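# Observations on the three-dimensional arrangement
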Amino acid sequence: MRVALCQMNIAYGEPHKNLEKMLRMMEVPADLYVFPELSLTGYAGEKLDVNTEDARRELLATGKTLIYGDIRDSHNVAVAVETGKEVGVYRKVHLFSHGGENEFFKSGERYERFQMEDMSILPLICYDLRFPVGIYENSADVHMIVVIANWPMERIEHWLTLLRARSIENQRFVIGVNRVGRTRWIYGGCSCAYDPWGRALNTPHHHEDVILVEVNLEAIEEIKTQFDTRRDERFI
């Protein structure tokens, strides 16, 4: 399947402007489109009161399959849409207190699975990536881990290192989509996909772009047959 990593500069507090950009990006043919964290709204370390309902409806009307970021009931969320229907909402579990996120958002209470395009996806949002235990415990029955982010340039090496580490330790595809541009912070882009062996499927960069990667889900069965590390796990 073809996955589009939609690395975009997000206009702060302007959902319709961001929607227009997302629609243009989805003109590139793909099976699944993944957009960054808070892709409809942006984030600048302060409370943002903005209505995204019209933009949500227009995204549903595309009939596309996508994952995007939004604000719902004071939660920072990842939303899954499949062929015109909303099929899942994940509320960010780990809020980034160093950037004041815990002052403006409520934290989610559990991990979720998105069932879409005949596969199971574990969605994560930005800071979640730094907490490997919960990811490992919730990824055994998924095909792909999708991380949407607003990750700053100053820690972009952490981003790439952690994405690759999560792919190796969980033996799953990992898709990481980060924004570019700036608000209170400068964002580093470097959206990247990794296969279950930890091999990068694209070359990361820092500019706005639709990055296409091919994901062969049969690779998961291959690694389970050849080198399944979960079967040797011990809890002590």
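Note: the structure precedes this text.
What comes next is a walk through the structure. (Residues numbered from 1 in each chain as written. Predicted model: local features only at pLDDT ≥ 70, side-chain atom pairs only at ≥ 80, totals over all residues. Heavy atoms only, no water.)

### Let's talk about helix H1 (residues 15-25)
- Turning to H1, its buried residues are Pro15, Asn18, Leu19, Lys21, Met22 and Met25. Seen from one end, H1 has its buried residues packed into an arc of 165°, which puts them on one side.
- Looking at the buried residues of H1, the elements they touch are strand E1 (2-7), strand E2 (32-34), helix H2 (53-61), strand E3 (66-72) and strand E13 (209-214). (Buried < 20%, exposed > 50% of the residue type's maximum accessible area, 1.4 Å probe, protein only. Helix = DSSP H or I, 4+ residues; strand = E, 2+ residues; numbered from the N terminus. Arc of directions from axis to C-beta. Contact = heavy atoms within 4.5 Å.)

### Concerning the sheet that holds E1
- Reading across the sheet, the 6 strands line up as E5-E4-E3-E2-E1-E13 and stay open at both edges, with mixed pairing between neighbours. Unpaired on one side and paired on the other, strand E5 (85-91) and E13 mark the two borders of the sheet. Direction aside, neighbouring strands of the sheet carry axes that sit 30° apart on average.
- As defined by bridge partners, strand E4 (residues 75-82) adjoins E5 across 6 bridges and the pair is classed as antiparallel. Residue pairing for E5: Glu82 is matched across the bridge by Lys85.
- Each of E3, E4 and E5 is contacted by H2, which is oriented at about 165° to E3, the strand it contacts most. (Pairing = 2+ DSSP bridges. Axes fitted to C-alpha atoms, helices over the stretch in contact; angles between N-to-C directions.)

### Topic: the side chain of Asn150
- Looking at the secondary structure, you find Asn150 in the loop between strand E8 (144-149) and helix H5 (156-170).
- What makes Asn150 buried here is its relative accessible area of 9%.
- In this view, Asn150 contacts Ile10, Pro36, Glu37, Tyr43, Cys126, Asn178, Arg179 and Tyr187; residues no more than four positions away in its chain are not counted.

### Structural notes on the pairing of E3
- A large share of E3 lies buried, amounting to 7 of its 7 residues.
- Alternating residues of E3 divide into Leu66, Tyr68, Asp70 and Arg72 and Ile67, Gly69 and Ile71, and every residue in both groups is buried.
- For E2 and E3, the ladder comprises 2 bridges, and the chain directions are parallel. By the bridge assignment for E3, Tyr33 is matched with Leu66.
- Examined bridge by bridge, E3 and E4 share 7 bridges and lie antiparallel to one another. When the bridges of E4 are listed, Tyr68 appears paired with Val79.
- Connecting the antiparallel pair E3 and E4 is a turn made up of 2 residues, with Asp73 showing a positive phi of about 50°.

### Some details on the nonpolar core
- Formed by 46 residues in total, the largest nonpolar core has its most connected members in Leu32, Ile67, Ile121, Met144, Trp159 and Ile175.
- Ranked by residues supplied to this core, first place goes to E8 with 6 residues.
- Discounting chain neighbours no more than four positions away, the residues touching Ile175 are Val3, Leu5, Met144, Ile145, Val146, Val147, Cys192, Ala193 and Val215.
- In this structure, Met8, Leu40, Leu66 and Val79 belong to the second largest nonpolar core, which totals 20 residues. (Core = buried A, V, L, I, M, F, W, Y, C linked by side-chain atoms within 4.5 Å.)

### Focus on the packing of aromatic side chains
- Applying the stated criterion across every chain, the model contains 7 aromatic pairs.
- Between Tyr90 and Tyr111 the ring centres are 6.4 Å apart and the planes differ by 5°, which places this aromatic pair in the stacked class. A residue pair is termed long-range when its members are at least 10 positions apart, and Tyr90 in strand E5 and Tyr111 in the loop between helix H3 (101-104) and strand E6 (114-116) qualify at 21 residues.
- The exposure class of Tyr111 is buried, given its relative accessible area of 15%.
- Ring centres of Trp197 and Phe227 lie 6.3 Å apart, and the angle between their planes is 20°; this geometry places the pair in the stacked category. Residue Trp197 is found in the loop between strand E12 (192-194) and E13, and its partner Phe227 is found in helix H6 (residues 218-227); the two are separated by 30 residues along the sequence.
- On the accessibility criterion, Trp197 (30% relative accessible area) is partly exposed.
- Cluster of aromatic residues (ring-pair linked, three or more members): Tyr43, Phe105 and Trp185.
- Across from the ring centre of Tyr136, 4.0 Å away, lies the NZ or CZ of Arg230, which sits over that ring. (Phe/Tyr/Trp six-rings, centres within 6.5 Å; stacked < 30°, edge-to-face > 60°. Lys NZ or Arg CZ within 6 Å of the ring centre and 35° of its normal.)

### Structural notes on empty space enclosed by the protein
- Per the stated rule, a full pass over the model turns up 2 cavities of 30 Å³ or more.
- Lining the largest cavity we find 17 residues, and of these Phe96, Cys126, Asn150, Pro152 and Arg155 sit closest to its centre.
- Roughly 30 Å³ of volume is contained in the second largest cavity.
- Lining the second largest cavity we find Tyr12, Gly42, Tyr43, Ala44, Glu46, Leu48, Ile71 and Phe105.
- The class makeup of the residues in the lining of the second largest cavity is 6 nonpolar, 1 polar and 1 charged. (1 Å grid on protein atoms, 1.4 Å probe; cavity = no way out; pocket = protein on both sides within 12 Å on 5 of 7 lines; lining within 4 Å. Points joined across faces, edges and corners; volume = space filled by probe spheres on them. Nonpolar A, V, L, I, M, F, W, Y, C, P; charged D, E, K, R; others polar.)

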